[in-house]
Each structure stands twice: as C-alpha cells, then as structure tokens.
Amino acid sequence: QVQLVESGGGLVQAGGSLRLSCAASGRTFSNYAMGWFRQAPGKEREFVATINRSGGSTYYADSVKGRFTISRDNAKNTVYLQMNSLKPEDTAVYYCAANVHSNMVISTRGVDYWGQGTQVTVSS
C-alpha cells in the first residue's frame, strides 16, 4: 500500500506560478512511476504529466507542455509539479498518481494509487 499526500495548491492570478508536491509513504518510492492528473468541475479526470522511476524521462499533455515541469526526488519520496504561466483553464483539482506496473502513467486506468487532490484556482 502507498499513501500519497498532495500540497501546494491555492489561488493564483493568471500568469502566476505554483509548485505542487506529493509526498509518498508506505513502499519503495523509486519502484513507482509517478504522474499528475487534474479534474475540472463537470469534466473527466485528465492526464497532465508523468515521470519514470529514475526521473530521467518525462512526458506532458500538450495543454501544459512548455509551462509545467514534473520532477521527483527519490531520496525524499516526493514528486513535484512546477506550474508556470498559469491560465484560468488550468483551474482544477490536481491529483498525484502512482503506478507500479509501467514505466510511466498516462491513463487513469493505469493508476494503482491516488492522492486526495489539491485545488488549484487561477483567476483571470
């Protein structure tokens, strides 16, 4: 069992930045591919970014490419999402996700563990 706890969400103006953190506990963090997903009101949960076990490879949704950066610190059991140039359409609850079976996690169907989510609101 893995527990994931997100932090760092909040209210920010358009063009601003936030950094989300996801602290993991329970099992060897470096065994898991990690990802971030988001869900806006009335919409399905969607993929945002993923990073492989070592941190050497990343992949992003087109909507955030060039603005968001995912990273991980296996010594601290933490994955981060640096979000720059935020837009109102980035407003959503952001979820941390872990996958033990694949090298990356880009689909909700591939997620083994979810965090509880953290709200990000971008005002125009």
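Conventions used here
- Residues numbered from 1 in each chain as written.
- Predicted model: local features only at pLDDT ≥ 70, side-chain atom pairs only at ≥ 80, totals over all residues.
- Heavy atoms only, no water.
- Pairing = 2+ DSSP bridges.
- Helix = DSSP H or I, 4+ residues; strand = E, 2+ residues; numbered from the N terminus.
- Axes fitted to C-alpha atoms, helices over the stretch in contact; angles between N-to-C directions.
- Disulfide = S-S within 2.5 Å.
- Polar contact = N/O pair within 3.5 Å; in protein donor to acceptor, adjacent residues only side chain to side chain.
- Contact = heavy atoms within 4.5 Å.
- Salt bridge = Lys/Arg side-chain N within 4 Å of Asp/Glu carboxyl O.
- Buried < 20%, exposed > 50% of the residue type's maximum accessible area, 1.4 Å probe, protein only.
- Phe/Tyr/Trp six-rings, centres within 6.5 Å; stacked < 30°, edge-to-face > 60°.
- Lys NZ or Arg CZ within 6 Å of the ring centre and 35° of its normal.

J.: When you look at the sheet that holds strand S8 (residues 78-83) in this model, what are you seeing that I'm missing?
T.: Paired through backbone hydrogen bonds, the strands of a sheet run either parallel or antiparallel to each other. If you walk across this open sheet you meet the 4 strands as S1-S3-S8-S7, and the pairing is antiparallel. Looking at the sheet topology across the chains shown, the edges are occupied by strand S1 (3-7) and strand S7 (68-73). Taking the axes of each pair of neighbouring strands and ignoring which way they run, one obtains an average angle of 15° across the sheet.

J.: Which parts of the structure should I look at to understand the state of the cysteines?
T.: Put plainly, a disulfide is one covalent bond tying together the sulfur atoms of two cysteines. On inspection of all chains with the given rule, the structure shows 1 disulfide. Each sulfur of the disulfide joining Cys22 and Cys96 lies 2.1 Å from the other. Measuring handedness by torsion sign, the sulfur bridge of Cys22 and Cys96 sits at about -80° and is left-handed. Of this pair, Cys22 sits in strand S3 (residues 18-25) while Cys96 sits in strand S9 (residues 92-99), and the two are 74 residues apart along the sequence.

J.: How should the side chain of Glu6 be read in this particular structure?
T.: The topology assignment puts Glu6 in strand S1. Looking at Glu6, its side chain comes within polar contact range of the main-chain nitrogen of Cys96, at 2.7 Å. Engagement of the side chain of Glu6 in a polar contact is seen with the backbone nitrogen of Gln116, the distance being 3.0 Å. Once you skip the residues sitting within four places of it in the chain, Glu6 turns out to touch Ser21, Cys22, Trp36, Tyr94, Tyr95, Cys96, Gly115, Gln116, Gly117 and Thr118.

J.: Could you clarify how one ought to interpret the pattern of salt bridges in this entry?
T.: Close approach of charged atoms lets side chains of opposite charge pair. Using the criterion set out here, one finds 4 salt bridges in the structure. Asp90 is the salt-bridge partner of Arg38, the closest N and O atoms lying 2.9 Å from each other. A residue pair is termed long-range when its members are at least 10 positions apart, and Arg38 in strand S4 (residues 33-39) and Asp90 in the loop between S8 and S9 qualify at 52 residues. Looking at Arg38, the relative accessible area reads 6%, which means it is buried. Between Asp90 and Arg67 there is a salt bridge, with its nearest N and O atoms 2.7 Å apart. Of this pair, Asp90 sits in the loop between S8 and S9 while Arg67 is found in the loop between strand S6 (58-60) and S7, placing the two residues 23 residues apart along the sequence. Among the charged side chains, a network of salt bridges with common partners joins Arg38, Glu46, Arg67 and Asp90.

J.: Would you mind showing me how to read the environment of Val120 here?
T.: Residue placement: Val120 occurs in strand S11 (residues 118-123). In this structure Val120 comes out as buried when scored by relative accessible area, which is 0%. Separated by 44 residues in the primary sequence, Val120 and Lys76 place their C-alpha atoms 23 Å from one another. The residues touching Val120, leaving out its near neighbours within four places in the chain, are Gly9, Gly10, Leu18, Leu20, Met83, Asp90, Thr91, Ala92 and Tyr94.

J.: Which parts of the structure should I look at to understand the packing of aromatic side chains?
T.: What describes a pair of aromatic rings is the distance from one ring centre to the other and the angle between the planes of the rings. Applying the stated criterion across every chain yields a total of 5 aromatic pairs. Taking 5.8 Å as the distance between ring centres and 75° as the angle between the ring planes, the aromatic pair formed by Phe37 and Phe47 counts as edge-to-face. With Phe37 in strand S4 and Phe47 in strand S5 (residues 46-51), this residue pair connects regions lying 10 residues apart in the sequence. Residue class for Phe37 comes out buried when judged on its relative accessible area of 1%. Taking 5.2 Å as the distance between ring centres and 70° as the angle between the ring planes, the aromatic pair formed by Phe37 and Trp114 counts as edge-to-face. Taken together, the positions of Phe37 in strand S4 and Trp114 in strand S10 (residues 113-114) put the pair 77 residues apart, joining distant regions of the chain. The residue whose ring lies beneath Arg45 is Tyr95, and the NZ or CZ to ring-centre distance is 3.6 Å. When the ring centre of Trp114 is taken as origin, the NZ or CZ atom of Arg45, which lies over that ring, is 4.5 Å away.

Structural measurements only, silent on function.
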